[in-house]
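Summary of the model geometry
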Amino acid sequence: MSQNLARLAQRIDFSQGSGSEEEEAAGAEGDAQDWAGAGSSADQDDEEGLVKFQPSLWPWDSVRNNLRSALTEMCVLYDVLSIVRDKKFMTLDPVSQDALPPKQNPQTLQLISKKKSLAGAAQILLKGAERLTKSVTENQENKLQRDFNSELLRLRQHWKLRKVGDKILGDLSYRSAGSLFPHHGTFEVIKNTDIDLDKKIPEDYCPLDVQIPSDLEGSAYIKVSIQKQAPDIGDLGTVNLFKRPLPKSKPGSPHWQTKLEAAQNVLLCKEIFAQLSREAVQIKSQIPHIVVKNQIISQPFPSLQLLISLCHSSNDKKSQKSATEKQSPEDHLYVLEHNLHLLIREFHKQTLSSIMMPHPASAPFGHKRMRLSGPQAFDKNEINSLQSSEGLLEKIIKQAKHIFLRSRTAATIDSLASRIEDPQIQAHWSNINDVYESSVKVLITSQGYEQICKSIQLQLNIGVEQIRVVHRDGRVITLSHQEQELQDFLLSQMSQHQVHAVQQLAKVMGWQVLSFSNHVGLGPIESIGNASAITVASPSGDYAISVRNGPESGSKIMVQFPRNQCKDLPKSDVLQDSKWNHLRGPFREVQWNKMEGRNFVYKMELLMSALSPCLL
């Protein structure tokens, strides 16, 4: 820019006059002639063609023109400098320096250029880091300085709020879900003013706080347990209820959320216990239910008690001391607790669904089947079946009966499997069960002979008060809840398995089955079930084996030899011909305990092999 300005200044010729002054003088004279008069306009036009411009003969005229041009240039330069100073529309670049002498090393130049490039990049990175740190600190300050309105908005997204006067009240109850519990379940939203905002704000500070009713503070849960030995009724009111640890708040969630969830859980537990207590008083049963303070006592089976307790602990020091005390181990059924929560939600759903929309005036309000009872002529039993509905207590008692019966069945099968090694008993429990019914498949096998000895397969359907046993052939046997009945039945089936195993083994070994009976009427009477027996003959017919097995007496094996091998037989006068010597003689008992073998079927296989002829 400066070079261009200097080049233009050199082109100016200060010796020549400016043509603008001559034009201005001619214009002034023309104006004077116009003002002279309008009448002589035709003469003036003729004179203008003759008059010629005369330059001024003033000696300082050239100096004045030069000074005026210089002043114009200075004004232009001043305007340019003022524009450059603001740096809005024009900037000045430094004049490029002359090239360095060729004596310097090119590696030095590369090092200098890299250094400048790295310095520029470092400057850009430092500026970006400053901006990031600035934004992070601003976000942290915004989190620490949360206002009351933003927290109130978050609270409103999770809980029902309403404004009553100058107070903000919330609802903890399940009335909107169909609950009929009379507790109001109202909490108040207050502003937290316990902290000085001028000082350092802690990380867990929240400008909003909630105030819940005193009877909903702390933690609560429903404890369901089964006791086999009934305690003294006079001591039932002195049960020490221990405190369950409070749930930990999730990271990022406000403290009022955990507080309100705990209070709502206390309200739900109180509603469940109130419903159970009401039904325990109203239900008429053979053994009446007992409600003592915070416990409900029921007797589903003889010598068995179902205890439903409401455990509520506040945050005071006494409850904390009782929580530290060691509690005796109890059979705590958490499954029933979960089922209680599910049942109360079903009860709420039924309450909501019972609200009927307006019907025609000719049809009464109520259930649809009840409205159809008249046109379809229902009898009294059908109408009573429509009106009857089980309550929470009846459902939970039925579930407790099923759980106890299932656990007793599993314990009986496990005890027999651990006590009796031969035959082996296996139980396969179904993964998909109902709350009132479970199934287990029982297999009785012998080790090493699972393929040929699998005749005993039982399907146990465990219900509420009884067990249905389905055999492989389709026979159904119903057992009661008594443990001894199931144990005696399984022992009789294990005894029959040994005889069935001998029958299957005889078919494999080529022996002939002479007789078979599951219920033998001869011999000593068994206290558990009946004894079973089988008699098999060798392929040649010379030998016979008779097996008698009972659940209590055990197994007894007899072998019958040919007469010619019996030296102790006295000579008979009747049987004179030698052909009668080929008949089998009397039976002899085998000392079964002294035989080698890992189980009953293996010993029987050895005995059959020893008595069979060797075919070469």
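Residues numbered from 1 in each chain as written. Predicted model: local features only at pLDDT ≥ 70, side-chain atom pairs only at ≥ 80, totals over all residues. Heavy atoms only, no water.

Taking strand neighbours across the sheet as the criterion, the five strands line up as S9-S10-S11-S12-S13 in an open arrangement whose pairing is antiparallel. Strand pairing shows two members of the sheet lacking a second neighbour, strand S9 (424-429) and strand S13 (476-479), which therefore form its edges. On average, each strand axis in the sheet is inclined to that of its neighbour by 25 degrees, with strand direction left out of account. Pairing between strand S10 (residues 438-445) and strand S11 (residues 457-462): six bridges, direction antiparallel. Residue pairing for S11: Ser 438 is matched across the bridge by Ile 462. Docked against the sheet, helix H12 (residues 392-419) engages S9, S10, S11 and strand S12 (467-470), running at close to 150 degrees with respect to S9. (Pairing = 2+ DSSP bridges. Helix = DSSP H or I, 4+ residues; strand = E, 2+ residues; numbered from the N terminus. Axes fitted to C-alpha atoms, helices over the stretch in contact; angles between N-to-C directions. Contact = heavy atoms within 4.5 Å.)

The next point concerns unusual backbone geometry. Here Asp 422 and Pro 423 are connected by a cis peptide whose omega angle stands at 0 degrees. Tracing the chain through its elements places Pro 423 in the loop between H12 and S9.

Moving on: the pattern of salt bridges. On inspection of all chains with the given rule, the structure shows five salt bridges. When the shortest N-O distance is used, the salt bridge between Arg 154 and Glu 151 registers 3.5 Å. With Arg 154 and Glu 151 both in helix H6 (residues 148-158) and three residues apart, the pair spans about one turn of that helix. With its nearest N and O atoms 2.9 Å apart, the salt bridge here joins Arg 475 to Asp 473. The class for Arg 475 is partly exposed, based on a relative accessible area of 47%. (Salt bridge = Lys/Arg side-chain N within 4 Å of Asp/Glu carboxyl O. Buried < 20%, exposed > 50% of the residue type's maximum accessible area, 1.4 Å probe, protein only.)

It is the contact of helix H13 (residues 483-509) with helix H14 (residues 600-611), at a shortest axis distance of 10 Å, that shows an interaxial angle of 35 degrees. The two elements H13 and H14 cross, and the hand of that crossing is right-handed. The residues of H14 that touch H13, namely those facing Gln 498, Ala 501, Val 502, Leu 505, Ala 506 and Met 509, are Phe 600, Val 601, Met 604, Glu 605, Met 608 and Ser 609. (Left-handed = near helix turned anticlockwise from the far one by under 90°.)

Ranked by size, the top nonpolar core spans 46 residues in total, and within it Leu 155, Leu 172, Leu 208, Ile 222, Leu 260 and Ile 308 carry the most contacts. Elements represented by at least two residues in this core include exactly H6, strand S3 (186-191), strand S4 (208-211), strand S5 (219-227), helix H7 (255-282), strand S8 (305-313), helix H9 (334-353) and H12. Per-element tally for this core: the top contributor is H7, with eleven residues. Of all hydrophobic cores here, the second largest spans 23 residues; its members include Ala 506, Tyr 543, Val 547 and Val 590. (Core = buried A, V, L, I, M, F, W, Y, C linked by side-chain atoms within 4.5 Å.)

Its location among the elements puts Trp 511 in the loop between H13 and strand S14 (512-517). Assessed through its relative accessible area of 5%, Trp 511 is described here as buried. Excluding anything up to four places from it in sequence, Trp 511 contacts Ala 506, Val 536, Ala 537, Ser 538, Pro 539, Tyr 543, Ile 545, Met 608, Leu 611 and Ser 612. Side-chain polar atoms of Trp 511 contact the side chain of Ser 612, separated by 3.0 Å. (Polar contact = N/O pair within 3.5 Å; in protein donor to acceptor, adjacent residues only side chain to side chain.)

On to the sheet that holds strand S6 (residues 290-292), then. Spatially, the four strands line up as an open sheet ordered S5-S8-S7-S6, and their pairing is antiparallel. Across the chains shown, the open sheet's two edge strands, defined by having one partner strand only, are S5 and S6. Ignoring which end each strand starts from, the neighbouring axes of this sheet average 15 degrees apart. Sheet strands touched by H12: S5, strand S7 (295-298) and S8. Its angle to S8, the strand with the most contacts, is close to 115 degrees.

Right, let's get into the packing of aromatic side chains. Per the counting criterion, the structure on display carries four aromatic pairs. Ring geometry for Phe 301 against Phe 404: centres 6.0 Å apart, planes inclined by 40 degrees, an arrangement best described as tilted. Of the two residues, Phe 301 is situated in the loop between S7 and S8 and Phe 404 in helix H12; the sequence distance between them amounts to 103 residues. With relative accessibility at 4%, the residue Phe 301 sits in the buried group. (Phe/Tyr/Trp six-rings, centres within 6.5 Å; stacked < 30°, edge-to-face > 60°.)

Before going further, it helps to spend a moment on the confidence of the model for the chain. In the predicted model, the chain carries a mean pLDDT of 77, and 73% of its residues have values of at least 70. By mean pLDDT, the top-scoring element of the chain is S12 (94), and the lowest-scoring one is helix H2 (residues 19-36) (46). Confidence drops under a pLDDT of 50 for residues 20-29, and excluding neighbours within four residues, the segment shows five contacts in the predicted structure. Per-residue pLDDT stays below 50 along residues 322-331; that stretch engages in nine contacts with residues further than four places along the chain or on separate chains. (pLDDT = per-residue confidence, 0-100.)

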